[in-house]
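# Residue-level structure breakdown
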Amino acid sequence: MTDKKNVISPFHGEHDHSHCETQALESAVAECAKQGLRLTKIRRQVLEIIWAQHNPIGAYDVLQKLQEAGHKPAPPTAYRALDFLVSAKLIHRVESLNAYIGCPSPNASHQCQFYICTDCGHVAEVSNSAVSDALAAGATELGFISQQPVIEVHGVCKNCLD
Ligand SMILES: [Zn+2]
Ligand SMILES: [Zn+2]
Ligand SMILES: [Zn+2]
């Protein structure tokens, strides 16, 4: 069954994170060009703040970091930038934490599940079609129209267990 499972964002401990950031920004630029969206300065700054780590960050903290960096956007401007990034699938909102995380593959299908470490806060994004198929089958049985289902699993990651 491993062929059905696609780990979009594996747990990783020590690594060259500047590589993740650079790659995320590059694919964001490419994705926006493809979708005809404009990655404005503020949107890009917000994306950079979110990609500074693999842990989710709340809207208020994003705003604070913008201010620390010398930008003084009105809160609605920053929140609209977050909404834009979510709808462009460049970031995801982790509902159970009320926080945001960068998406390493914005062009993926996004029938995904999130594994959230309650110890270090790391979030891994996994796309397992068996899970999404089971949810779709359940909806069909109920005659239910499901929107993007939210699956967030809390627990302890491998790095924290070692
Ligand atoms: Zn990284
Ligand atoms: Zn994603
Ligand atoms: Zn952990």
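In this text the structure is predicted, and so the values were computed from the model without any measurement.

Further remarks concern the environment of L66. One can find L66 in helix α3 (residues 59-68). Judged by C-beta crowding, with 20 C-beta atoms within 10 Å, L66 ranks as buried. Residues L66 and Y115, 49 residues apart in the sequence, show an inter-C-alpha distance of 28 Å. Each residue touching L66, except ones within four places of it in the same chain, is listed here: Q45, I49, H71, P73 and A78.

Direction of pairing for strand β4 (residues 113-117) relative to strand β5 (residues 123-128): antiparallel, over a ladder of four bridges. If you follow I116 over to β5, its bridge partner there is V123. What sits between β4 and β5 in their antiparallel hairpin is a turn of five residues, with G121 showing a positive phi close to 85°.

Bringing α3 into the picture now. Considered for burial, the residues of α3 that qualify are V62, L63 and L66. The arc enclosing the buried residues of α3, seen along the axis, measures out at 100°, which places them on a common side. Set apart from the buried face of α3 by more than 90 degrees, the exposed residues are Q67 and E68. Those residues of α3 that are buried are in contact with α2 (41-50) and α4 (75-87). The first or second residue beyond α3 is G70, which carries a positive phi of 95°.

Turning to the packing of α2 against α4, a few remarks are in order. One can describe the packing of α2 onto α4 by two numbers: an axis separation of 9 Å at closest approach and a directional angle of 75°. Judged by the inter-axis angle, α2 sits roughly perpendicular to α4. Contact with α2, carried on its side by I42, R43, V46 and L47, involves T77, A78, A81, L82, F84 and L85 of α4 and no other residues of that element. Grouping the amino acids of the contact of α2 with α4 by side-chain chemistry returns eight nonpolar, one polar and one charged.

Another aspect to go through is the domain arrangement of the protein chain. Once the domains are mapped, the protein chain shows domain 1 (15-103) and domain 2 (108-162). Between the C-alpha centres of domain 1 and domain 2 there is a distance of 21 Å. Each partner contributes to the interface: domain 1 provides 10 residues, whereas domain 2 provides nine residues. Split by residue class, the side of domain 1 that touches domain 2 holds five nonpolar, three polar and two charged.

Position of T77 among the secondary structure elements: in helix α4. T77 sits in the partly exposed class, given 16 other C-beta atoms within 10 Å. Sequence separation of T77 and R43 is 34 residues, and the distance between their C-alpha atoms is 9.3 Å.

Next up on the list: the nonpolar core. If you look at the biggest cluster of nonpolar residues, it comprises 29 residues, and the most contacted ones within it are V46, L47, I50, V62, L85 and I91. Those elements giving two or more residues to this core turn out to be α1 (17-35), α2, α3, α4, β2 (91-94), β3 (99-102), β4 and β5. Counting residues domain by domain, this core receives three or more from each of domain 1 (15-103) and domain 2 (108-162). The contacts of L85, once residues within four sequence positions are left out, are R43, V46, L47, L90 and I91.

On to the packing of α3 against α4, then. Relative orientation of the contacting elements α3 and α4 amounts to 120°, with a least axis distance of 10 Å. The two elements α3 and α4 cross, and the hand of that crossing is right-handed. Note on element contacts: α4 touches α3 through P75, A78, Y79 and L82, opposite A59, V62, L63 and L66.

What counts and what doesn't
Residues numbered from 1 in each chain as written. Chains lettered and ligands numbered in written order. Predicted model: local features only at pLDDT ≥ 70, side-chain atom pairs only at ≥ 80, totals over all residues. Helix = DSSP H or I, 4+ residues; strand = E, 2+ residues; numbered from the N terminus. Buried ≥ 20, exposed ≤ 12 C-beta atoms within 10 Å, placed from the backbone. Contact = placed C-beta atoms within 7 Å. Pairing = 2+ DSSP bridges. Arc of directions from axis to C-beta. Axes fitted to C-alpha atoms, helices over the stretch in contact; angles between N-to-C directions. Parallel < 35°, antiparallel > 145°, perpendicular 65-115°, else oblique. Nonpolar A, V, L, I, M, F, W, Y, C, P; charged D, E, K, R; others polar. Domains from an automatic or database assignment. Core = buried A, V, L, I, M, F, W, Y, C linked by C-beta atoms within 7 Å. Left-handed = near helix turned anticlockwise from the far one by under 90°.

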